[in-house]
Amino acid sequence: DAGVIQSPRHEVTEMGQEVTLRCKPISGHDYLFWYRQTMMRGLELLIYFNNNVPIDDSGMPEDRFSAKMPNASFSTLKIQPSEPRDSAVYFCASSLLNYRGQTEAFFGQGTRLTVV
Amino acid sequence: AQSVTQLGSHVSVSEGALVLLRCNYSSSVPPYLFWYVQYPNQGLQLLLKYTSAATLVKGINGFEAEFKKSETSFHLTKPSAHMSDAAEYFCAVQSRTDKLIFGTGTRLQVFP
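Since the structure is predicted, the reported quantities are computational estimates derived from the model, not experimental observations. (Residues numbered from 1 in each chain as written. Chains lettered and ligands numbered in written order. Predicted model: local features only at pLDDT ≥ 70, side-chain atom pairs only at ≥ 80, totals over all residues. Heavy atoms only, no water.)

Colleague: Tell me about the pattern of salt bridges, residues and numbers included.
Modeller: As enumerated under the stated definition, the model contains 12 salt bridges over all chains in all. Residue Glu18(A) pairs with Lys78(A) through a salt bridge whose shortest N-O separation is 3.9 Å. Taken together, the positions of Glu18(A) in the loop between β2 (10-13) and β3 (19-24) and Lys78(A) in strand β8 (residues 74-79) put the pair 60 residues apart, joining distant regions of the chain. Classification of Lys78(A) by relative accessible area gives partly exposed; the value is 29%. The shortest N-O distance in the salt bridge between Lys49(B) and Glu104(A) comes to 2.7 Å. (Salt bridge = Lys/Arg side-chain N within 4 Å of Asp/Glu carboxyl O. Helix = DSSP H or I, 4+ residues; strand = E, 2+ residues; numbered from the N terminus. Buried < 20%, exposed > 50% of the residue type's maximum accessible area, 1.4 Å probe, protein only.)

Listed below in structure tokens is the structure:
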């Protein structure tokens, strides 16, 4: 497996524009997490899904942020409209709950978002 | 609710010295505990994990961590630091079916 794949790796956009970040989890994994990393706030959990269903979105900062997982192999995180304070590195991670318990989360390389 | 606290946002050691990165957790149920490492401009990689088996867990690159329930700790150690160990290290906690929560990270510097 190629691991968790995120796209794009880098995104520069103007304030007010819509931004969509994409994630392909590891095949067979049933948990998917979206994190945001900044110098000031560290690594924050935004939302996570189990079997494509959002379980906890309490970390989503505002209504401008939305996340979907239409199927087991794809998820998006959308920011509309974007603001400069959204500039961060956004990570997607996936994991599997099996008979042995929870596996570790495998992370993508991240999307570095810059809003100017 | 679960949480982790990493004591010390920066740790500096000399090459060859002992590395000790501290992590304390809070969990109302038996936790799974993890240490991840992040090199500059990269994603997070798993160093090691504790899932209620042996309390002393060995990971990659010579790192190990010991789960101490009485102290609610899961400190990361390495007997002899190498220059290539310079990175940011994150402790994380998760219950069986819950979200994965990270600490604030500890940046390790290794001096020659």
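Colleague: How would you sum up unusual backbone geometry? Please name residues and give values.
Modeller: Residue and element names in this part refer to chain A. Residue proline 8 is reached from serine 7 by a cis peptide bond, and omega for that bond is -10°. Examined against the element boundaries, proline 8 turns out to sit in the loop between β1 (5-7) and β2. In this structure, the amide linkage connecting glutamine 80 to the following residue, proline 81, adopts the cis form with an omega of -10°. Residue placement: proline 81 occurs in the loop between β8 and β9 (88-95). The backbone of asparagine 51 sits at a positive phi, close to 50°, despite the residue not being glycine. The residue asparagine 51 is located in the loop between β5 (42-50) and β6 (53-56) in this model.

Colleague: Tell me about the sheet that holds strand β7 (residues 65-71) of chain A, residues and numbers included.
Modeller: Residues and elements named next belong to chain A. Strands sit in the order β1-β3-β8-β7 across an open sheet of 4 strands; the sheet is antiparallel. A single partner strand is all that each edge strand has here, and the edge strands are β1 and β7. Ignoring which end each strand starts from, the neighbouring axes of this sheet average 15° apart. Bridge count for β7 against β8 is 5 bridges, and the pairing is antiparallel. Of the residues in β8, the one forming a bridge with alanine 67 is leucine 77. (Pairing = 2+ DSSP bridges. Axes fitted to C-alpha atoms, helices over the stretch in contact; angles between N-to-C directions.)

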